[in-house]
Structures are given as structure tokens and as C-alpha cells.
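For reference, the chains in residue letters:
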Amino acid sequence: MIQPQHTGGRVNVLTTPEVITSIDELRSRLASARERAVPGDARIVLVPTMGALHAGHLTLVRRARSRGDIVVVSIFVNPLQFGAGEDLNTYPRTLDADVAALAEEGVDFVFAPTSQVMYPAGAASTRVTAGAVGALYEGAARPGHFDGMLTVVAKLFNIVGPDLAVFGQKDAQQVFLVERMLADLDFRLALEIVPIVREEGGLALSSRNRNLDPAQRLAARSLSAGLDAAASAAPQGVAAALAAAHARIDVQPLVKLDYLVVVDPRTFLPVGADHVGPARMLVAALVGNTRLIDNVALDIP
Ligand code: PAF
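The model shown is predicted, which means the values in this text are computed figures rather than measured ones.

All right, on to the overall build of the protein chain then. Summing up its helical and strand segments, the protein chain has nine helices and 11 strands in all. The globule rule puts the C-alpha radius of gyration for 301 residues at 19 Å, and the 20 Å found for the protein chain is close to it. Projected onto its principal axes, the C-alpha coordinates of the protein chain cover approximately 55 × 40 × 40 Å. Relative to its full complement of 301 residues, the protein chain shows a buried share of 54%.

This is the structure:
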């Protein structure tokens, strides 16, 4: 039940999140929540997720809570961004636990549609295409992944109409492509990117980490250790940064490196050996059957 509460400067629309599965219902609840908000210009903040929430997601939600009046978290395991043979069917689905965690964070609405609601015709026949950068790195390993991701993100932006959306820096290529979609397609919302949250030992938090056994989890730390070593070696240049990361990662037999690359943050294309200025190192590896990604900002003087 909607119970408007006034807490300091912001309006807390609900005491616990209401789980909404229908697009029309969400739109009408958001419209009335906006109307009730004082002074009538409530800011809606969206955190798009696929559920199986961990502390990293909750950091995004806290950021959203601090930035807006009405916080919507979407939970939807988007079939369009999974390829054949990927983990769509086994992707963890933990809606009750997710909603309980979001209640603690003062989230107003959880939008948890079914695939039928999002794709009534079976799949979106109109898709957003991620272009050439969408075919690199994660896109090379997961063809079509970024088209599916951008398509659902565009749908979520149109459904929720947020003023701000919050994403995590862990999916650096996703962030780049969403930022570019906003610019290219003239979306009227802002993005806020939250730094990567890491467990003790450095492993970046991910819903897929729960698939790692203890030995794999330990070995997976080499990814963040490699990135740390690269950041320290960056003053010596791109080649030194790459060598430092390889030295940490390649020695781990349980870690099968897919790519380790330094990109220009403005284009997301690989930089040359003589690159100077800001850069980002991206890494992806298979640890057992679990695909892990991570990244770090580098400053190459
Ligand atoms: O990062 C994710 O969890 C997904 O790619 C997103 C943005 C929720 C779209 O399905």
C-alpha cells in the first residue's frame, strides 16, 4: 500500500518496495507517485539489474537513493543478451531475497516483468545495434550480447522514464555503449557510474561469483591483482602495464585468459604502444565455467 512519508527533503513514496510486473501498472504508479511528491518535480532514478543482487548492486541502489525521490530497481534476466549455450537458464533467480534486500535500502518500486511482458512477440524485432565496438571484447566472446543489452536498456528507459540511471563500472564496455546510445539516440536522462565493489582479496563482485568453488575463487583474485600491478606499472607505458598484468594472471592454471587489452576511454578501441593519457585496461577470463570480467583506469604519463 502506498504510504507517503516525508523524511527530510525527500519523499519516500513507499515503506517497502512494491513488486510490479506490468508496464502499464508501473507507469501509472510512477505517475501518481510523481504527482504526490512535493514540490511536484520528483526525480526518478532507475537501477537496471538482472537480480541475484549482491553488495555491489546495493551500492548502486544506495547511490540511487541518495540522488532521487523515487527509486526503481528493475529485475529482469534479459534473454536477448544471452547467446546459445550461455547461462540463461541457470542464471541465478532470487527474487524474494532481492526484494527483501531492496526493502532495507528504501527502494520504492521493483519492476520485475516476465519475458512475455517485455517481448510479447517472442523477441524484440526492432533492436538497438551496438555497432563496431559492440563486436569487440565481450561482444566477440558473446555475439549479439550488446545489441540485446542495449535493446532492453532502451526499453527500460522508455518504460520507467527516469531522470537518472545508475550503472556499475565493472561492466565498462556496457557503460561505454549505454553512454553512446544516450548520445546517439538523444535520450533525455543522465547516467551515474559507480566504482567497482570488491570482496576482500580484490575479486570484483558479480552474481556469477557464486558459481566459483573455493580454489577457483582464490585463483580469480589474480585478475584484480593483475590490474593493480598494471596500474602501478602504467607510468612505464602500455607495454609495461600489459606485462605486469600478464605476469600475475598467466601463472594461474585455473584462469583461462580470454582478453587483456588497454583501450582509449573515448573510443573504446585498443591503444597503441605509444599511447599517453587516460586509458582503461579490460580483462576477461574463464575460471572453471564461469566467465569473469574486470577493469581498471590507467594513467599513462
Ligand atoms: O548489467 C546488467 O545486469 C544487465 O546487462 C542490464 C544492464 C540490467 C541489462 O539487462
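Next comes the rest of the description.
Before going further, it helps to spend a moment on empty space enclosed by the protein. Space left empty within the atom packing is revealed by a probe, the size of a water molecule, rolled over the atoms. In this structure the tally under the stated criterion is two cavities of 30 Å³ or more. Every residue lining the largest cavity is counted, 47 residues in all, and those nearest its centre are Met50, His57, Lys170, Asp171 and Gln174. The set of elements that each furnish at least two residues to the lining of the largest cavity consists of strand S4 (44-49), helix H2 (55-67), helix H6 (145-160), strand S7 (164-168), helix H7 (172-184), strand S10 (277-287) and strand S11 (290-300). Broken down by element, the residue count for the lining of the largest cavity peaks at six residues, all from H6.

In this section: the environment of Ile20. Mapped onto the secondary structure, Ile20 falls in strand S3 (residues 18-20). Between the C-alpha atoms of Ile20 and Phe111, which are 91 residues apart in sequence, the distance is 5.0 Å. The contacts of Ile20, once residues within four sequence positions are left out, are Glu25, Leu26, Arg29, Phe109, Val110, Phe111, Ala112 and Pro113.

Below, the discussion takes up the pattern of salt bridges. For the coordinates displayed, the defined rule picks out 14 salt bridges. With its nearest N and O atoms 2.9 Å apart, the salt bridge here joins Glu105 to Arg62. Taken together, the residues Glu105 in the loop between helix H3 (95-104) and strand S6 (109-111) and Arg62 in helix H2 connect sequence positions 43 residues apart. The class for Glu105 is buried, based on a relative accessible area of 16%. Judged by relative accessible area, Arg62 falls into the partly exposed class, the value being 45%. Between Asp294 and Arg198 there is a salt bridge whose closest N-O contact spans 2.8 Å. Taken together, the positions of Asp294 in strand S11 and Arg198 in the loop between strand S8 (190-194) and helix H8 (214-233) put the pair 96 residues apart, joining distant regions of the chain. According to the relative accessible area criterion, Asp294 is buried, its value standing at 4%. Members of the salt-bridge network, linked through shared partners, are Glu18, Glu25 and Arg29.

Before going further, it helps to spend a moment on H2. With 13 residues, H2 should cover 18 Å at 1.5 Å per step; its first-to-last C-alpha distance of 18 Å lies within 8% of that length. Buried residues of H2: Gly56, His57, Leu58, Leu60, Val61, Ala64 and Arg65, and no others.

Conventions adopted
Residues numbered from 1 in each chain as written. Predicted model: local features only at pLDDT ≥ 70, side-chain atom pairs only at ≥ 80, totals over all residues. Heavy atoms only, no water. Helix = DSSP H or I, 4+ residues; strand = E, 2+ residues; numbered from the N terminus. Rg over C-alpha atoms; globule rule 2.2 N^0.38 Å. Buried < 20%, exposed > 50% of the residue type's maximum accessible area, 1.4 Å probe, protein only. 1 Å grid on protein atoms, 1.4 Å probe; cavity = no way out; pocket = protein on both sides within 12 Å on 5 of 7 lines; lining within 4 Å. Points joined across faces, edges and corners; volume = space filled by probe spheres on them. Contact = heavy atoms within 4.5 Å. Salt bridge = Lys/Arg side-chain N within 4 Å of Asp/Glu carboxyl O. Expected span 1.5 Å × (residues − 1).

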